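Read off the chains here:
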Amino acid sequence: CKRCHHGFYLSKDGKSCIFSITSTGWASAVFYTLLGIIILLILTAVAYCCRGSRSPNDKENRANLYMALKHRHLSKVQNWDLQSNKKPRVWYPLMVDLAKNNILGVGFALFYRSVFFVLLVSIIAAVFLWNSQDSSHLVQSAQGTADRLFDVLTMTEVPKSTLPAVLLSPLEMCPKSSPLDKEEPLKQYAYGRAWTLAMLYGAVFLTSAWFVRAQKNWTQKFDRKNNTMCDFALLLTGFPADATNEVEMKKWAQEELKRSGLEVQVEGVSIGYSYRGKADEVDEMTATYCGHLELTMRKDANLSNPDAEEERIRMGKQMEKDGEKVRSWFDKNEVTCAGQIFLCFQLNTDKDKVMEKYESSTSSLFSYKGKEIEVDVVRSEPSDVFWQNLHTTEEEIRSNERKSLAEVAMWFIGINLLVLVWNMTVVMPYLSAGSNAGGPITIIQGIIMTIINGQLGGKVYGGAYGAGYHRKDRADVWLFLVNFFITFCNTIFNLALMCYSVLVMQKENFFHGPGYLDVFTSATPLGQESEVADKVYLLLVPGQLFTGPVNSLLTGAVLNYLLHNLWAKMIYIWKCLPEPGLKFIKLLLPNSPESLEKYGISNAEKAFRAPQIGLPWDYSALILNPFLVFISMFMISENCFKLCAFLALACIFNYVWSKYMHLRVQSVNFYSTDKLDRVVLLAWGGPLSVLGCCAFAWLIRSGHVLNGSPLVIRWASVFLLYVFACLVWVVVVLMLHPNKPKKDNIESDTPCTFHECKDNWIFSWFNCNPMYALKCLYVIKYRETVWDHPWASGSEPTDVRFYSPGREYLHLSVKNFKKAMDGDYSDALEFETWFEQFSSIFYKWKKDGVDISDISELKPILGSSSEQLLSVRSPGGS
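Residues numbered from 1 in each chain as written. Predicted model: local features only at pLDDT ≥ 70, side-chain atom pairs only at ≥ 80, totals over all residues. Heavy atoms only, no water.

1. Quick look at the pattern of salt bridges
Inclusion rule: Each reported salt bridge corresponds to a side-chain nitrogen of Lys or Arg within 4 Å of a carboxyl oxygen of Asp or Glu. Counting from the N terminus, the helices are DSSP H or I runs at least four residues long and the strands are E runs at least two residues long. For every residue, the accessible area (1.4 Å probe, protein chains only) is compared with the maximum for its type, and the residue is labelled buried under 20%, exposed over 50%, or partly exposed between those bounds.
The final tally for this structure, using the stated rule, is 25 salt bridges. In this structure, R72 engages E832 in a salt bridge whose closest nitrogen and oxygen atoms are separated by 2.7 Å. Highlighted residues: R72 in helix α2 (residues 58–74) and E832 in helix α27 (residues 831–845), separated in sequence by 760 residues. Of the two residues, R72 and E832, neither departs from the other in class, the shared state being buried. Between R474 and E394 there is a salt bridge, with its nearest N and O atoms 3.2 Å apart. In this pair, R474 is assigned in helix α14 (residues 472–503) and E394 in helix α12 (residues 394–432), connecting sequence segments 80 residues apart. The class of R474 is partly exposed, set by a relative accessible area of 23%. Beyond isolated ion pairs, a larger network of salt bridges with shared partners links R72, K76, E830 and E832.

What follows is the structure, encoded as structure tokens:
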């Protein structure tokens, strides 16, 4: 080397260029220091294990860990039947028909219909591009001077000594045509490309409009066919703060309906309580009660152990304190009515009769203490109601949204400033030199960015659930919009970096050659376009289209499961490090107790619960991937058709993969409305409008429009066309899919009673209300109050239960609870099942297995799986 690129300096021997930032070796020192610490921890752990180090409570901790892993299986999507005496719990098959089975709400099924829609769009695009003009000859003619000379050399058979002469005078390869002769074919190609993309835009636009209408009609058909808890309830608003007696409110509602001439029967009312500032306490109380109830049911089913019994007693004492506090709240009127009451009916048709009467009546249907009460339909299930936020006003929600957006924006801008500094100081110098950054510094940067992005994800999630929304579907919309924006911006930054890596190597053509929206006069810029399009292709195939979903399994589920399992066993079973090392590892284990000796079952269950189903993140890929595919059509490339074909294959893969993730990997999460899907349909205008802009851009390049106009006018026209196309699409969606669709005839609904629906779904408007569940448990039941109103209950009407997604088994009877616990709780398609099998083999091979004298204690804990999972051995080795 005689001269190095910017950012590098020449080594002393003059043989290589050294990157200036890492020239002192600090990056390597940091990397190898971290690596050395990890190796030291591993060697220390192995040494402790070889010495026979063991936690004094290893048997109890292992049993609690096993029950937590069992709870992980039970918290996933399964078909629960409260009344079944044979199989109270059955796994759904992966190919279950979501059009016939309402598993997690209408929003869950609409997502898979959206996957099919993107598949249809990709097939349509592939068909149009298959018949469009071939651009391969243009791409080949767009080679640079060096490439053409290289081709001359490869096709010329002359001695090596004459090669310089060939370079200077390749007379035998003189071109037969002038560059001016290619101008007209380029214009014709651009004009044909514009018409092809314009027709494709029209076809996709009409298909999209049809799909919007189809989603609306299918949602209504799905609602008529499937009965859910929202079919039995109406929302009444306008109540005073002292409307907190369910028995009196039920009686009042029944009298008001009778006065209006409606012969309908009220099942009960679910009062929306205002407990501002007490939400965290209420959550802890319900969690304590559910934990105590599960341990009690385990004890009654002979599935307990001494450590679990100790935990149950501790929770029982805490429940006594919670009961005193709850009774004090109600006695001192510290818990009031938030002004909202859910009125529940015995028949699903009663709600529609009342709503029709309310809309057609000129006088007030409900009046409480001289004040008119407003009535509205309920679209969310009780499990999707944020009961702790019912007191928040719309102004407070807007204020919280702005604060959360500001916090997320601050984090996002800060992260991207760090990324910008990294790109300018490390990535771009390497790209300018025709290479890629690598080595220890990139590993350190990856670790730091993983930690920071994890914090950003937590801020986004916290902003959605801390805004004070009354319904979960609004939080889902927040998550989708913010997550999509962040992902889209990151992808655009990556594309910009890709463009830089191409243009930096062809500066002359970029700065002095024709611009993108200039009329075709030369094939010179086409090589740059083709190379950028190739990089987009490599970004999507197989990366974002195929390996991205797989990485979500590996990093979001498998890696966390393995690491949490390892940390828990290192601390609470093997105890294979000195105490300072164990305390450090305990920081990595979520929901870990303060003690290093006992690993409580409640802590273990929280740490090992599977991640919840996240449709907002899944929907983001359905919008972003077509966006990138359509962006590539701005450029001349041989890969446009292949990208559409791979997008179609990715949709098929995504359908099957999502079914697997939702039904075998992730835990329960309901999507009971179509609000999120409707917002996604509006967002579809983004990638759809890109097609229209592509067609217009190619029309400009052909010289048929805006020929001779200033460059600013041409770019502004493309941008304004994109905005106009987006607005047109929004209007179309609002017309075809209004926010408040008209209700069909009452006779079209499938008849159903409140109790039949509750037995099917387990949750109800009573057992999902946390404050009412605590009231039933600590006030009504404790004081033995005569209560002419449904309780917050499970299968037994007088047993208090609180519904928590993933704990459906708590609503079973003791008999069926034992069957659910002893049944085949795992599935061969769960990755946890295979790791547990390998773990059992590992214990079987261990030299110092559990002593045979312990089996009498461990069998009640683990049931029939004890010998397999703990590999019990006799002293003789049999």
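Next comes the rest of the account.
2. Observations concerning the side chain of N769
Selection rule: Counted as a polar contact is a pair of N or O atoms within 3.5 Å, where, for protein atoms, one must be capable of donating a hydrogen and the other of accepting one, and residues adjacent in sequence contribute only when both atoms are in side chains.
Examined against the element boundaries, N769 turns out to sit in the loop between α24 (754–761) and α25 (770–783). Note on N769: relative accessible area 1%, which makes it buried. Looking at N769, its side chain comes within polar contact range of the main-chain oxygen of I271, at 2.8 Å.

3. Considering the state of the cysteines
Test applied: Throughout, disulfides are identified as pairs of cysteine sulfur atoms within 2.5 Å of each other.
Inspection of every chain in the model, using the stated rule, returns zero disulfides. Considering cysteine sulfurs only, C752 is the nearest to C757, which forms no disulfide, with 5.2 Å between them.

4. A short note on the sheet that holds strand β7 (residues 336–345)
So the rule is basically this: In this analysis, strands are considered paired if DSSP registers two or more bridges between them. Lines fitted to the C-alpha atoms define the axes, with helices restricted to the stretch that makes contact. Angles between their N-to-C directions range from 0 to 180 degrees.
Sheet architecture is open: four strands sit in the order β6-β7-β5-β10, paired in antiparallel fashion. If you trace the sheet from one side to the other, it starts and ends with β6 (266–274) and β10 (374–377), each paired once. Taking the axes of each pair of neighbouring strands and ignoring which way they run, one obtains an average angle of 30° across the sheet. Judged from the eight bridges that link them, β6 and β7 form a sheet pairing that is antiparallel. Paired with Y273 across the bridge in β7 is C337.

5. A word on unusual backbone geometry
Residues V541 and P542 are joined by a peptide bond in cis, for which omega reads -5°. Structurally, P542 can be placed in helix α16 (residues 526–574). Phi at N591 is positive, roughly 55°, even though this residue is not glycine. If you trace the backbone, N591 turns up in the loop between α17 (579–586) and α18 (601–608). The backbone phi angle of L706 is positive, close to 55°, even though this residue is not glycine. Relative to the elements of secondary structure, L706 occurs in the loop between α22 (685–702) and α23 (711–736). Residue class for L706 comes out partly exposed when judged on its relative accessible area of 30%.

6. Quick word on the packing of helix α7 (residues 183–225) against α22
Definition in use: Working definition: roughly parallel below 35 degrees, roughly antiparallel above 145 degrees, roughly perpendicular at 65 to 115 degrees, and oblique for all remaining angles. Helix crossings are classified by the rotation of the near helix relative to the far one: an anticlockwise turn of less than a right angle makes the crossing left-handed, while a clockwise turn makes it right-handed. Each residue is assigned to one of three groups, with Ala, Val, Leu, Ile, Met, Phe, Trp, Tyr, Cys and Pro labelled nonpolar, Asp, Glu, Lys and Arg labelled charged, and all others, Gly among them, labelled polar.
Where α7 contacts α22, the two axes come as close as 8 Å, and the packing angle between them is 160°. On the basis of their axis angle, the class for α7 and α22 is roughly antiparallel. In this structure, α7 meets α22 at a crossing whose hand is left-handed. Across the contact of α7 with α22, the residue classes tally to 16 nonpolar, four polar and three charged.

7. Considering the nonpolar core
For clarity, the cut-off: The nonpolar core is taken to be a set of buried Ala, Val, Leu, Ile, Met, Phe, Trp, Tyr and Cys residues, with the residues joined through side-chain atoms within 4.5 Å. Throughout, a residue-residue contact means that at least one pair of heavy atoms, one from each residue, lies within 4.5 Å.
Membership of the largest hydrophobic core comes to 210 residues, with the highest contact counts inside it found for F239, F366, M633 and W765. Per-element accounting of this core gives the leading share, 21 residues, to α16. Here F239 is in contact with M249, W252, C337, G339, I341, Y368 and I373, once residues within four sequence places are set aside. In terms of nonpolar packing, the next biggest core, distinct from the first, is built from 18 residues, V408, F412, M449 and V460 among them.

8. Examining the packing of α16 against α17
Across the interface, α16 lies against α17 with an axial gap of 10 Å and an inter-helix angle of 145°. You can see that α16 and α17 cross each other, and the crossing is left-handed. Seen from α16, the contacting residues are W567, M570, I571 and Y572; seen from α17, they are L582, I585 and K586. Looking at the contact of α16 with α17 residue by residue, the class counts come to six nonpolar, no polar and one charged.

9. Let's talk about the environment of N348
Tracing the backbone shows N348 in helix α11 (residues 348–360). You can call N348 buried: its relative accessible area is 3%. When the C-alpha positions of N348 and C752 are compared, they lie 5.9 Å apart, and in sequence the two are 404 residues distant. Side chain to side chain, N348 and N227 meet in a polar contact 2.8 Å long. Here the side chain of N348 touches C752 through a polar contact of 3.2 Å, landing on its backbone nitrogen.

10. A short note on the confidence of the model for the chain
Quick reminder of the rule: A score from 0 to 100, pLDDT tells how confident the predictor is in each residue.
Averaged over all residues, the pLDDT of the chain equals 81, while 83% of them reach at least 70. This stretch, residues 140–172, has a pLDDT under 50; its non-local contacts, to residues over four places away or in other chains, come to 21 contacts. Confidence drops under pLDDT 50 across residues 847–878; counting only partners more than four residues distant or on other chains, this segment forms 55 contacts.

11. Overview of helix α19 (residues 615–631)
Stated precisely, the cut-off is as follows: Each helix should span, by expectation, one fewer than its residue count multiplied by 1.5 Å.
Taking 1.5 Å per residue as the helical rise, α19 with its 17 residues ought to reach 24 Å, and the 25 Å between its terminal C-alpha atoms agrees with that figure. Among the 17 residues of α19, 14 are classified as buried, and the element is accordingly described as predominantly covered.

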